[in-house]
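Observations on chain architecture
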Amino acid sequence: MMTLTTLDDVFDRAVELDLYKHDHVTEAKALMFNDQARLVMPQHNTPIGSIPPVSLTEHAYRQMFDKLGPSVFGKGSNKTLPFDYLIALKDRYPNLLAAVLNRHLADGNGSRWLVRGNGDQARAILDGDYPRIGERDGMYENTWLVNVARQMVDRETGGGKFPGFGLINPSISGDNLHLKMAWYDRETPDGSYKVGNYLGNSETGQGRYKVYPFIMRNSCTNSIILQTAHGVSLTHTAKREASIRTVILEALGAVLRPADDLVDMMIAANEQTLSSFTEIVGGIAAEKGWGDPFKSLVIYGTEGRDTRMALVNGVSYAAHVAKGLSDDRRVELEQLAGTLLVAPDSLFDRARLSYQRKLESVKRGGPVQSLLPEIAVDREVAFGHHFEEPIGTIS
């Protein structure tokens, strides 16, 4: 896989990832599964020719089962088809699953779907009016977004402006985009920080177009993303492509000032001591479903301090060093770190109380929970552990 250093690199990679993607807008009742439980696509021209029957990703199955719920439970119902049962049929009795789903597809009542494919897989089942931004230029959304960012950066860095501009661990997959762009360094008595913006998107209905402030500590590369009112989170609605482009470009520039202000907030957070610190971490960990190995990484990343900023650093640190996490989960952790930076003190009070209640439950003979030990860190467990997805709820 190519190394992504510049936006041109990311764009070239995005174009490469687009080569075997295909979209199909069709009525649900025009779809059918064969006896191997593979979805037979409507035969029409695509950039890669006719499409043989495709398998569905777990995500696409979940979306389909959501959409077919009303065909069983009635129009307007929010119920979904039973995921575990139907997926078990796929592996043991694929012909039975095909028969069940074909019956429900026939009851689609004219529903129009967008089936998004990549090679021999259907990666998403979306509403038929889902806007395919970039289609006019032969691009999928992520490629189009990278191109928008690339044009902006070329314009803004011309003439020697922003000589320190660079990308921080850019990530693009067949479905998701994460761009962290650092524009300049901010020097403070507490150290040096990179100030920038984050641009993210999902092509499969798992996320919005997002532009948020981004900060990274130069001393240790811990970084945070702040979901803020100064940023932008756009749903994939049928807005004109030009208007979405304008909003994103304006937001990419507008979030730099709030990002710079974040540095001052981080300095202040470095002075705010959190009482009963390990109880707060234990309460947050219990809420998020983190096990001991991940909690140990968070504690290790606090560097033995008990301030708000130490907690932020701990979560950000774990995001970068935990083995086996997807880029999507690492970004979610960076967003959680940003949330903890600006959260009201009441959040920490609730976390502390939650931990204490769980501890009392254990003392009374209740179910034994995995509770955080007093600042003890098992480095071998934490750093040697491979975190299978999911590790619990992150954000």
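Within every chain, residues take consecutive numbers counted from 1 along the sequence as written. Residue-level local features of this predicted model are given only where pLDDT is at least 70; pairs of side-chain atoms are given and counted only at 80 or more, and the full residue set underlies all totals for whole chains, interfaces and linings. With hydrogens and water set aside, each side-chain value is computed from the structure's full complement of heavy atoms.

Our focus in this paragraph is the overall build of the protein chain. Only DSSP runs of H or I reaching four residues or more are called helices, and only runs of E reaching two or more are called strands; each is numbered from the N terminus. Helix and strand counts for the protein chain come out as 13 helices and 13 strands. Counting all 395 residues of the protein chain, 49% fall into the buried class. Within the protein chain, counting contacts between residues at least 6 apart in sequence, those at least 24 apart form 65% of the total. Carbon and sulfur atoms provide 49% of the accessible area of the protein chain, an area that totals close to 18500 Å². The rule is simple: take the accessible area with a 1.4 Å probe, protein chains only, and divide by the maximum for that residue type; under 20% is buried, over 50% is exposed, in between is partly exposed. Working rule for contacts: check all heavy atoms of both residues, and any pair within 4.5 Å makes them a contact. Accessible areas in this description were obtained via Shrake-Rupley with a 1.4 Å probe; residue shielding takes into account the shown protein chains only.

Below, the discussion takes up the packing of aromatic side chains. When two rings of Phe, Tyr or Trp (its six-membered ring) have centres within 6.5 Å they constitute a pair, described as stacked for plane angles under 30 degrees, edge-to-face for angles over 60, and tilted for the intermediate range. Within the structure shown, the criterion is met by 7 aromatic pairs. Judged by centre distance (4.8 Å) and plane angle (65 degrees), the ring pair of Phe-165 and Trp-183 falls under edge-to-face. Taken together, the residues span a long stretch of sequence, with Phe-165 in the loop between helix H5 (141-156) and strand E7 (166-167) and Trp-183 in strand E9 (residues 176-188) at a distance of 18 residues. Two conditions define a charge located above a ring, namely a distance within 6 Å from the ring centre to NZ of Lys or CZ of Arg, and an angle within 35 degrees of the ring normal. It is Arg-62 that lies over the ring of Phe-83; its NZ or CZ is 3.7 Å from the centre. Here the guanidinium or amino end of Arg-150 rests over the ring plane of Phe-11, the centre of that ring lying 3.9 Å away.

Here the focus is the nonpolar core. Buried residues of nine kinds, namely Ala, Val, Leu, Ile, Met, Phe, Trp, Tyr and Cys, make up a nonpolar core once their side-chain atoms join them within 4.5 Å. Ranked by size, the top nonpolar core spans 37 residues in total, and within it Ile-215, Trp-290 and Leu-311 carry the most contacts. Secondary-structure elements contributing two or more residues to this core are strand E10 (191-202), helix H7 (256-269), helix H8 (277-288), helix H9 (292-301), helix H10 (308-321), helix H11 (327-342) and helix H12 (345-363). It is H10 that contributes the most residues to this core, 7 residues altogether.

For strand E6 (residues 121-127), the buried fraction is high: 5 of the 7 residues fall into the buried class. By the bridge criterion, 2 bridges tie strand E4 (residues 55-56) to E6 in an arrangement that is parallel. Across the sheet, residue Leu-56 finds its bridge partner in E6, namely Ala-122. DSSP bridges decide pairing: two strands pair if at least two such bridges lie between them. Across 6 bridges, the pairing between strand E5 (residues 112-118) and E6 is antiparallel. If you follow Arg-116 over to E6, its bridge partner there is Ala-124.

Further remarks concern the sheet that holds strand E1 (residues 21-27). Either a parallel or an antiparallel arrangement is found when strands of a sheet pair, and the pairing is made through backbone hydrogen bonds. One open sheet holds the 4 strands; their spatial order is E1-E5-E6-E4, and the pairing between them is mixed. Looking at strand neighbours, the two that pair on one side only are E1 and E4, the edges of this open sheet. Only the stretch in contact is used when fitting a helix axis, every axis being a line fitted to C-alpha atoms; angles between N-to-C directions are given from 0 to 180 degrees. Each of E4, E5 and E6 touches helix H2 (residues 58-73); the most contacted strand, E6, lies at about 35 degrees to it.

Taken together, the side chains of Tyr-85, Tyr-93 and Leu-96 present a nonpolar region at the surface, about 310 Å² in accessible area. Assignment of secondary structure puts Tyr-85 in helix H3 (residues 83-92). Looking at Tyr-85, the relative accessible area reads 49%, which means it is partly exposed. Each patch is built from residues lacking any salt bridge and having more than 30% relative accessible area; the joining distance is 9 Å for like charges and 5 Å for nonpolar side chains (Val, Leu, Ile, Met, Phe, Trp, Tyr). A carboxyl oxygen of Asp or Glu within 4 Å of a side-chain nitrogen of Lys or Arg is what we treat as a salt bridge.

The next subject is the pairing of E9. Alignment of E7 against E9, held across 2 bridges, turns out to be antiparallel. Paired with Gly-166 across the bridge in E9 is Ala-182. In the sheet, strand E8 (residues 171-172) pairs with E9 via 2 bridges, with the strands oriented antiparallel. If you follow Ile-172 over to E9, its bridge partner there is Leu-177. In this structure, the hairpin formed by E8 and E9 is closed by a connection of 3 residues. Examined bridge by bridge, E9 and E10 share 12 bridges and lie antiparallel to one another.

Glancing now at the side chain of Glu-241. Considering the arrangement of structural elements, one finds Glu-241 in helix H6 (residues 241-254). Glu-241 gets classed as buried once you look at its relative accessible area, which sits at 17%. One polar contact links the side chain of Glu-241 to the main-chain amide nitrogen of Gly-134, over a distance of 3.0 Å. In contact with Glu-241, not counting residues within four places along its chain, are Ile-133, Gly-134, Arg-136, Asp-137 and Trp-144. What qualifies as a polar contact is a pair of N or O atoms within 3.5 Å, subject to a donor-acceptor requirement within protein and to the restriction that residues adjacent in sequence count only when both atoms come from side chains.

Here, expected helix span is obtained from the residue count minus one, scaled by 1.5 Å. Taking 1.5 Å per residue as the helical rise, H2 with its 16 residues ought to reach 22 Å, and the 22 Å between its terminal C-alpha atoms agrees with that figure. A residue's bend is the angle separating two fitted axes: one through the seven residues that end there, the other through the seven that start there. When the local axis directions of H2 are compared, the greatest deviation, roughly 30 degrees, occurs at Lys-67, which is followed within four positions by the proline Pro-70. Three or more residues of H2 are buried, namely Ala-60, Tyr-61, Gln-63, Met-64, Phe-65, Leu-68 and Gly-69. Of the surrounding elements, those touching the buried residues of H2 are strand E2 (32-33), E4, H3, helix H4 (94-106), E5 and E6. Once H2 ends, the next one or two residues include Gly-74, with phi positive near 105 degrees.

Let us now look at unusual backbone geometry. The phi angle at Asn-169 is positive, at roughly 45 degrees, despite the residue not being glycine. Here Asn-169 is to be found in the loop between E7 and E8. Take Asn-169: its relative accessible area is 53%, and that puts it in the exposed class. A positive phi is found at Ser-276, a non-glycine position, where the angle reads about 55 degrees. Topologically, Ser-276 is positioned in the loop between H7 and H8.

Worth remembering: the numbers are spatial, not functional.
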